[in-house]
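# Descriptive analysis of the structure
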Amino acid sequence: MDNMSVIQTKEGFAPVPKWGISGSTLKIIAIIAMLTDHIGAVVVYGFWRHAWDNRCLEIIYYVMRLLIGRIAFPIFCFLLVEGFNHTHNAVKYAVRLFVFALISEIPFDLAVKGRLFAPESQNVFFTLFIGLLVMMAYRGIEEKLKAALWIKLILYIVALGAGMGLAYWLDTDYDSLGVLCIMALYIFRKKRVAQIAAGSAILLFSGGSELTAPLAFIPIAFYNGERGLKIKYFFYLFYPIHLLVLYFIAYFLGLI
C-alpha cells in the first residue's frame, strides 16, 4: 500500500490517505490559476485596452496574470511527468494529448488572437504533447538501448534539442522553455527537492513574466503522491470550452 497506514473499519482495513495535496487538488489549483490568467488576458486586457489611463485595470491585469496565472503551467508540467510515470500506455496518453491539442486550437486562436485560424502560434496542449514525446524517447534510450553511457548522453541531448526546436518552430505556448521545464522535472523526478530546484532555476533564468512562476512549486512541494478525485478528462474538456466562453464574452462586449 505504498507504506500507507491503515485503520480498521466494519468492512475490514482501509488505507489512511497521506497528508498533503493530491494530484486532483493540484490540478484544480492549476485550472483556477489558468482561468484567472486567461480572464486577465482576454477580458480584463480588453477593457484596459479601451481605457489606457485606467490604473486600476492595469493593476488587476498584472495581479491576475503575473501573481496568479503564472503558477498554472509548472503545475501542469509536473502533473504531466507524474501521469507519464504512472500510465500503463504512454502511446494512448500521447494520442489523447494530440487529439485535444487539435480540438483546442480554434478556441485558442479565437481567444488569444481574435480570429478563427492563427497558424503562427499553437496552444499549450502541443507543448505538453511534445514534452511527452521527449520523455518517451528518454525512457526508450534508458531502458531499451544497449549502448555506452556517452552514446546515451548524446541521444538524450539530441532528443531534448529536437523537442525544444519543434516547440520553438511551432511557437507553442511556452515553446522551448516549456519542453525544457518538463524535462527538468522528469530528469529529477526521484528527488523532489532537486526537481523543484531545477524547475525553479529554468523559470527564473527565462526572466520576464516567468519570474513568479516558481511559486507553483509551493503546492507541488506538498504533493503526497495520491491521485485524489477521478477528474482525468476535466482539464481536457475545460481548456477548449473556457477559451470559447471567454472569446464570446469578449466578442459580445466589443473587446475583440
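As a starting point, this report considers the structure included with it. Predicted, not measured: the structure shown is a model, and the values here were computed from it. (Residues numbered from 1 in each chain as written. Predicted model: local features only at pLDDT ≥ 70, side-chain atom pairs only at ≥ 80, totals over all residues. Heavy atoms only, no water.)

## Regarding the layout of surface pockets
Considering only enclosed or pocket space, the largest pocket measures out at about 780 Å³ in volume. Lining the largest pocket are 27 residues, and of these K27, G83, Y93, R227 and K232 sit closest to its centre. Here the lining of the largest pocket takes six residues from helix α3 (residues 72-86), the largest share from any one element. Among the residues making up the lining of the largest pocket, the classes are represented as twelve nonpolar, seven polar and eight charged. Looking at the second largest pocket, it is lined by 31 residues, and the ones nearest its centre are D37, H38, A41, R65 and V112. (1 Å grid on protein atoms, 1.4 Å probe; cavity = no way out; pocket = protein on both sides within 12 Å on 5 of 7 lines; lining within 4 Å. Points joined across faces, edges and corners; volume = space filled by probe spheres on them. Helix = DSSP H or I, 4+ residues; strand = E, 2+ residues; numbered from the N terminus. Nonpolar A, V, L, I, M, F, W, Y, C, P; charged D, E, K, R; others polar.)

## Some points on the nonpolar core
Residues L97, F125, M135 and M183 are the most contacted members of the largest nonpolar core, which totals 66 residues. Looking at which element gives the most residues to this core, the answer is helix α5 (residues 124-144), with eleven residues. Leaving out residues up to four positions away in the same chain, L97 has contacts with L80, F125, L128, F129, L132 and Y236. Residues V44, L57, Y61 and M64 belong to the second largest nonpolar core, which totals five residues. (Core = buried A, V, L, I, M, F, W, Y, C linked by side-chain atoms within 4.5 Å. Buried < 20%, exposed > 50% of the residue type's maximum accessible area, 1.4 Å probe, protein only. Contact = heavy atoms within 4.5 Å.)

## Structural notes on a positive patch on the surface
A surface patch of positive charge is lined by K92, R227, K230 and K232. Within the fold, K232 resides in the loop between α9 (217-221) and α10 (234-252). For K232, a relative accessible area of 44% corresponds to the partly exposed category. (Patch = residues over 30% accessible without salt bridge, like charges linked within 9 Å, V, L, I, M, F, W, Y side chains within 5 Å. Areas by Shrake-Rupley, 256 points an atom, 1.4 Å probe, with all protein chains shown as cover. Salt bridge = Lys/Arg side-chain N within 4 Å of Asp/Glu carboxyl O. Lys, Arg positive; Asp, Glu negative; His and termini not counted. Charge placed at Lys NZ, Arg CZ, Asp CG, Glu CD.)

## Quick word on the side chain of H242
With respect to the helices, strands and loops of the structure, H242 is situated in helix α10. Those residues in contact with H242 that sit more than four places away from it in its chain are M34, L35 and H38.

## A few points about a nonpolar patch on the surface
Together, W19, I59, V63, L67, I68, L215, I218 and F222 make up an exposed nonpolar region whose accessible area comes to about 790 Å². Counting residues per element, the nonpolar patch draws most heavily on helix α2 (residues 55-68), which supplies four residues. Within the secondary structure, W19 sits in the loop between β2 (12-15) and α1 (23-49).

## Section: helix α7 (residues 175-187)
If you check α7, its first and last C-alpha atoms are 19 Å apart, about what 13 residues at 1.5 Å a residue would give, namely 18 Å. Most of α7 is tucked away: ten of the 13 residues are buried. Looking only at α7, the buried set comprises S176, L177, G178, V179, C181, I182, M183, A184, L185 and Y186. Looking at the buried side of α7, the elements it contacts are α3, α5, α6 (149-170), α8 (192-206) and α9. (Expected span 1.5 Å × (residues − 1).)

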